[in-house]
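# Survey of secondary and tertiary structure
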Amino acid sequence: MGRIAGRFGRVEPRRRVRQLVLGLLSDLPRKNCWTIAEWAGEATPDGMQHLLGRAKWDADLVRDEVCDYVVEHLHDDQAVLVVDETGDVKKGAHTVGVQRQYTGTAGRIENSQVAVYLVYAGRRGHAAVDRQLYVPRSWTDQPDRCRAAGLGDQTAFATKPELAARMIGRFLDAGHRAPWVAGDEVYGGNPKLRATLEERDCGYVLAVARTHEVLTHAGKFRADALARKLPKRAWQKLSAGVGAKGHRFYDWAVIELAHTDPGSHRLLIRRNRSTGELAFYRCYSPRPVPLTELVRVAGARWRVEEFFQSGKGLAGLDEHQVRRYPSWSRWVTLAMLAHAFLAVVRAREHAEPKSDGLIPLTCNEIQRLFNLLIAPATSVTALLGWSHWRRRHQARARASHYRRQAACQG
């Protein structure tokens, strides 16, 4: 918390942001301004809501501090920047960026809000270093709607690959280094993103669809058609990294692509050893690298899924109950900081040799132990006070709803 203290001009928000981050790290079953304010011993949620919505502080400057913190403690010369999006199912039409769209969280088209995240993945651990809200055209085509949600009048539509390019550019412009970028088909199928990375001499292993066409020295082919032409000797059994059940072994093959630009351009193919299912990746590196290195980078893409799982499960990344963009950016930035703290403690724990027969602490176990230190004492008077406050608020909300309903029917 000392790293971000200078980003707050007054002592009140500095103290309250500490309580909010501790609340995000707590074992509360639901994390929002109400529950965290009650947990922190405040009489009402007004202070927490003011911190997210109206207090004067810049979430992007705090985001930069989070990035520096992660890179400093999880530093790896061969780190991979993994980019991916996640969606949060929402009700109504007023939450910033919400519309009916596909979200992997639900596995279908839902009324949801989608954000793109950039995760720094190294040998010692992984954590998010940047975030961008995806604002659909249904919003950017309505300046009044954007203005009401706290977005600028000139907010322009940007695709998810364009948002990814912005975040990667910010990371590199800040003086940080990561020689590789990984992502799924949304990003691998975008030629502008690939060209941007090549211009910055940043290697990538980006997934592409089986219908993706590539140019080889023998002509242009679909990716799946090339896979069918490979002889048995072209495949190698290699691990894409260690998962929960041990090494993730697949069969891998690589094909050199014809390209006029400098650097090594290749198509990487992964085959499931049980089902035969194929996956394809466009690869670039400023200098040729062995197949094992491409496989390592491809395997790092799963780190972003681990971040989404732990960030939402442990740090309340998706539990924000806010509508406007400033509040959203502040909440997710502080949730990223809370998760980064757990990742850094885990990295330190794993760096120490163990001889007690125990596995190193996981982020889940670190959070449980940390809660023994931060759990505040709660009096019966405070619990009753919050019960009365919630019921008064709910009574006002119900009365307001009935008045609107009567006005509409009249």
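Relevant structure appears above.
Quick summary incoming for the structure in this document. (Residues numbered from 1 in each chain as written. Predicted model: local features only at pLDDT ≥ 70, side-chain atom pairs only at ≥ 80, totals over all residues. Heavy atoms only, no water.)

What follows is about the packing of aromatic side chains. Using the criterion set out here, one finds 12 aromatic pairs in the structure. Arranged with centres 4.9 Å apart and planes meeting at 40°, the rings of F8 and W57 form a pair that is tilted. With F8 in the segment before α1 (11-25) and W57 in the loop between α3 (46-53) and α4 (59-73), this pair connects stretches of sequence that are 49 residues apart. The pair formed by F8 and W57 is uniform in burial state, with each residue classed as buried. Seen in terms of ring centroids, Y120 and F171 are 6.0 Å apart; in terms of plane orientation they differ by 35°. Their pairing is tilted. Of this pair, Y120 sits in strand β3 (residues 108-122) while F171 sits in helix α7 (residues 160-173), and the two are 51 residues apart along the sequence. When sorted by exposure, Y120 lands in the same class as F171, which is buried. Taken together, the ring pairs connect Y250, W252, Y281 and W302 into an aromatic cluster. The ring centre of Y134 lies 5.1 Å from the NZ or CZ of K160, which sits over that ring. (Phe/Tyr/Trp six-rings, centres within 6.5 Å; stacked < 30°, edge-to-face > 60°. Helix = DSSP H or I, 4+ residues; strand = E, 2+ residues; numbered from the N terminus. Buried < 20%, exposed > 50% of the residue type's maximum accessible area, 1.4 Å probe, protein only. Lys NZ or Arg CZ within 6 Å of the ring centre and 35° of its normal.)

What follows covers the environment of D60. As for its position among the elements, D60 is in helix α4. According to the relative accessible area criterion, D60 is partly exposed, its value standing at 31%. Considered as a pair, D60 and T333 are 273 residues apart in the sequence and their alpha carbons are 8.1 Å apart.

What follows covers the pairing of strand β12 (residues 278-285). In terms of residue burial, β12 counts as a mostly covered element, since seven of its eight residues are buried. By the bridge criterion, five bridges tie strand β6 (residues 203-208) to β12 in an arrangement that is antiparallel. Along β12, the bridge assignment pairs Y204 with Y284. Bridging between strand β11 (residues 264-271) and β12 involves eight bridges; their strand directions are antiparallel. From the neighbouring strand, I269 faces β12, where its bridge partner is F280. (Pairing = 2+ DSSP bridges.)

Side chains of L369, L372 and L373 sit close together on the surface and give an oily, nonpolar patch of about 360 Å² of accessible area. Within the fold, L369 resides in helix α14 (residues 363-374). A relative accessible area of 39% means that L369 is categorised as partly exposed. (Patch = residues over 30% accessible without salt bridge, like charges linked within 9 Å, V, L, I, M, F, W, Y side chains within 5 Å. Areas by Shrake-Rupley, 256 points an atom, 1.4 Å probe, with all protein chains shown as cover. Salt bridge = Lys/Arg side-chain N within 4 Å of Asp/Glu carboxyl O.)

For the pair helix α2 (residues 33-40) and α3, interaxial distance at closest approach is 8 Å and the crossing angle is 125°. What the angle tells us is that α2 and α3 run oblique. Crossing of α2 over α3 shows right-handed handedness. For the pair α2 and α3, contact is made by C33, W34, I36, A37 and A40 and by M48, Q49 and L52, respectively. Of the residues assigned to the contact of α2 with α3, the class counts are seven nonpolar, one polar and no charged. (Axes fitted to C-alpha atoms, helices over the stretch in contact; angles between N-to-C directions. Parallel < 35°, antiparallel > 145°, perpendicular 65-115°, else oblique. Left-handed = near helix turned anticlockwise from the far one by under 90°. Contact = heavy atoms within 4.5 Å. Nonpolar A, V, L, I, M, F, W, Y, C, P; charged D, E, K, R; others polar.)

With that settled, consider α14. Taking 1.5 Å as the rise per residue, α14 with 12 residues should run 16 Å; its terminal C-alpha atoms sit 16 Å apart, in good agreement. At its buried positions, α14 is contacted by α1, α2, α12 (302-315) and α13 (325-351). (Expected span 1.5 Å × (residues − 1).)

Here we come to the pattern of salt bridges. According to the stated counting rule, one finds 21 salt bridges in the structure shown. The residue R108 makes a salt bridge to E110 at a minimum N-O spacing of 2.6 Å. Take R108: its relative accessible area is 46%, and that puts it in the partly exposed class. One salt bridge connects R222 with D224, and the closest N-O pair in it is separated by 2.6 Å. Look at the salt bridges and you will find they share partners, linking D60, R63, D64, D130, R131 and R170 into a network.

For an α-helix, 3.6 residues make a turn, and residues three or four places apart therefore share a direction. Three or more residues of helix α9 (residues 191-199) are buried, namely L193, R194, L197 and E198. The buried residues of α9 occupy one face: seen down the axis, they fall within an arc of 135°. Opposite the buried face of α9, by more than 90 degrees, sit the exposed residues P191, K192 and E199. Elements that come into contact with the buried residues of α9 comprise α7, β5 (180-183), α8 (185-188), β6, β11 and β12. The distance from a side-chain oxygen at the start of α9 to the backbone nitrogen of K192 is 3.2 Å, and the residue carrying that oxygen is N190. Downstream of α9 by one or two residues, D201 has phi in the positive range, about 55°. (Arc of directions from axis to C-beta. Polar contact = N/O pair within 3.5 Å; in protein donor to acceptor, adjacent residues only side chain to side chain.)

If a strand is regular, its side chains alternate between the two faces of the sheet. In terms of residue burial, strand β4 (residues 125-133) counts as a mostly covered element, since nine of its nine residues are buried. Of the strand pairs in this sheet, β3 and β4 are connected by eight bridges, and their pairing is antiparallel. Looking at β4, one finds that Y117 is bridged to R131.

Mapped onto the fold, T86 is located in strand β1 (residues 80-89). Among the polar contacts listed, one links the side chain of T86 to the side chain of K312, at a separation of 2.7 Å. Setting aside its immediate chain neighbours within four residues, T86 contacts T105, Q113, V114, A115, Y117, F308 and K312.

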